[in-house]
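# Overview (structure and organization)
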Amino acid sequence: MSISDCIAPEILLNMRRPGGDVSPAPVARGVTLKRSRARGFPIKLRVLCGADRSGALVAAAQSVAAAFAIVLLAGQAARAACTPASPVNSATVTCTGATVDQNALAGYGTATDTSNTITVEAGASVTGTNGSGLLLATGTVVNHGSITAAGRAGVEATTGPLTLTNYGSINSAGDGAILAYTNNSHTITNFGSIVSSGIWSIRTIGAQTLVTNHGSITHSGNFTSVSAGGTFINYGSIDSQSGGAFAFGSITNYGVITARTFHGTQSTGGLTTNFGTIVATGGGTAGMFSAGNVLNIGTVSGGVAGLHVDGFSAPMQGQSVNSGVLTGGLYGIQAVSGSGLAVDLAVTNSGTISGGNAGIQMRGNLTATNSGSIAGGSYGIRHVAGGAFVNPHLDITNAGTISGSVAAIQFLGGGNTLTLAPGSVINGLVQSTAGGNIFQLGGNGADTFDVSALGDTAQYRNFGIFNKIDSSVWTLTGTSAFAGDVNVNAGTLLVNGSVAGASVVFVNPGATLGGTGTVAATFLDNGATLAPGTPTSIGTLTVNDALLFCACSLYSVKVFGLSADKTQVNGGAFLSDAHVVATFTGSSIANRYTILTVTGGLTDTFAR
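Scanning the model with the defined rule gives 4 salt bridges in all. A salt bridge links E156 to R152; the nearest nitrogen and oxygen atoms lie 2.8 Å apart. A residue is classified by how much of its surface remains accessible, and E156, at 8% relative accessible area, is buried. Of the residues examined, R152 reaches a relative accessible area of 28% and is grouped as partly exposed. As a salt-bridge pair, K558 and D565 come within 2.7 Å of each other at their nearest N and O atoms. A residue is classified by how much of its surface remains accessible, and D565, at 0% relative accessible area, is buried. In this structure, a network of salt bridges that share partners links the residues R152, E156 and D175.

Rendered as structure tokens:
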């Protein structure tokens, strides 16, 4: 007997219908349809010989056609277009066409699949109606098509690391579009669209995690859209009904982040950098919420604060640098520890900081350097009580504008310092709840200050010490009621007004006191210079009570023709063999010039 005398009485087909696999069923005499373990539509032949072979062959052919018809009619059932089938490890998986619930808990994959590279091709889709769209333990996913989950996550990695690059769309109505819960080194990059109505859009754990968005992320859930265990970088857009982006590491934004019921960005300790736009519109929100350092070159706004700085459960020291715009419904910057622990914040502003109540509200220690604008509806900078602080203080240096209708600067207690640099504008009062604060003129360049604004009932209040610092040249005009010490520590102080009410004037090594006004009793240390008049004109400086030189101090006068600078001392003078330096100009020279007069005693002489 030859093989030509035999037929195939049994055809085994791998196919499914609603409710499960096709059960074995006879379709013709000698022919039976049965479940197959193979993929596709393999036909297995078992040899049968006899006179009925022609009828059986016809029935077999009809059975194959019927099988294909059954599969095509089963569109409502699970469809398998990702190959090879899961569970599988260390495989290259390609998804084409439409894949729906290929595995029990996912459109494709299991929680134990490891080291696979899964590619969803353009035009393809993977859908999980009960669980995740793609489910894996660890591996790489490249999506050019669409991944959808109704029950859990668009892509879920149970252990990681997960490397995912999305060029298509990932959508989830479950917990999140992308979930990588386990502490590991995950890398998530989005060039396409991510849409989530669940808790998160992207949720990763692991300090070495990097999440980068070049596309769009839309989130209508009830928590932060992107929660990154490590670093988050945004070049695209995030539109979230709740929070924008959270990271345990650093956050960098070049794009647009919009949040509503929670903060635009939140970092627990890393650097937050913004070159783009961050907006949080909710009533209790901040554009940026940080326990670390902040650099803003773009635009940030928040329902309460543009920037909220908080040490959470630990004392913190942070730096905030702004050359862009920080604005909030109440505060441009709010620095406060919710735990009551100390916050030490350094703010450098060359941009705009503004708030409905205060430009900056601080609970803790603040060092602020401003060359831009700081303004609030009530306060420019406000220091408030609270927290576990030891002698909290503000040190403010201003070369820009600080404004507030109640107070431009409100200090808390004593020990605070305000330094004005050339270009400074203060619109409003500067006051404190206690005295003992320090007023300084410093910076570089030259400027004029009306000293009548300094006093306990004037614009600048509650100051006990007046210092001239740095290399600048400051000219005082007006008459001051200031009664504390005046220290000329560096640069040049030209008194063309009056600080006669001060307790004493000290001129320290390397510094110069001059002008044509009136000063209190004056003492010059070694290396200090007294130079009456101004750098460009002859004049007389009046010293009340006493003038004391040291042996190594200098008395510098200008001589122009028949006139010379002079110091009038309404009291005694102690010359101590100090050196005189005279600068002559003009075509005429007199034989004698009076450069010092005293009404009291004169002790010693100038050096010869």
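Below, the discussion takes up unusual backbone geometry. With an omega of 10°, the peptide bond between S86 and P87 qualifies as cis. A positive phi angle, close to 60°, is found at S115, a residue other than glycine. Here S115 falls in the partly exposed class, since its relative accessible area comes to 45%. Even without being glycine, D577 reaches a positive phi, approximately 60°. For D577, the position within the fold is in the loop between β69 (566-574) and β70 (579-585).

Bridge count for strand β66 (residues 540-548) against β69 is 9 bridges, and the pairing is parallel. Bridge pairing in β69 places L541 opposite T567. Alignment of β69 against strand β71 (residues 596-598), held across 3 bridges, turns out to be parallel. Opposite T567, over in β71, you have L596 as the bridge partner. Pairing of β69 with strand β72 (residues 602-603), which is carried by 2 bridges, proceeds in the parallel orientation. Across the sheet, residue A573 finds its bridge partner in β72, namely L602.

Evaluation of the coordinates by the stated rule reveals 19 aromatic pairs. Where W200 meets F223, the ring centres are 6.3 Å apart and the plane angle is 90°; that geometry is what we call edge-to-face. Of this pair, W200 sits in strand β23 (residues 200-204) while F223 sits in the loop between β25 (216-219) and β26 (226-228); the two residues are 23 residues apart in sequence, bridging distant segments of the chain. You can call F223 partly exposed: its relative accessible area is 42%. Directly above the ring of W200 sits R203, whose terminal nitrogen or CZ lies 5.0 Å from the centroid.

This part covers a nonpolar patch on the surface. On the surface, Y235, Y254, F275 and I297 cluster together into a nonpolar patch covering about 380 Å² of accessible area. Tracing the sequence through the fold places Y235 in the loop between β27 (231-234) and β28 (237-240).

Turning our attention to the state of the cysteines. A full pass over the atoms with the stated rule returns 1 disulfide. Put simply, C82 and C95 are joined by a disulfide, and their sulfur atoms are 2.0 Å apart. Measuring handedness by torsion sign, the sulfur bridge of C82 and C95 sits at about 115° and is right-handed. In this pair, C82 sits in strand β8 (residues 82-83) while C95 sits in strand β9 (residues 92-95), placing the two residues 13 residues apart along the sequence. Its relative accessible area of 1% is what places C82 among the buried residues. The thiol sulfur of C550 is not disulfide-bonded, and the nearest other cysteine sulfur, from C552, lies at 8.2 Å.

About the criteria used
Residues numbered from 1 in each chain as written. Predicted model: local features only at pLDDT ≥ 70, side-chain atom pairs only at ≥ 80, totals over all residues. Heavy atoms only, no water. Salt bridge = Lys/Arg side-chain N within 4 Å of Asp/Glu carboxyl O. Buried < 20%, exposed > 50% of the residue type's maximum accessible area, 1.4 Å probe, protein only. Helix = DSSP H or I, 4+ residues; strand = E, 2+ residues; numbered from the N terminus. Pairing = 2+ DSSP bridges. Phe/Tyr/Trp six-rings, centres within 6.5 Å; stacked < 30°, edge-to-face > 60°. Lys NZ or Arg CZ within 6 Å of the ring centre and 35° of its normal. Patch = residues over 30% accessible without salt bridge, like charges linked within 9 Å, V, L, I, M, F, W, Y side chains within 5 Å. Areas by Shrake-Rupley, 256 points an atom, 1.4 Å probe, with all protein chains shown as cover. Disulfide = S-S within 2.5 Å.

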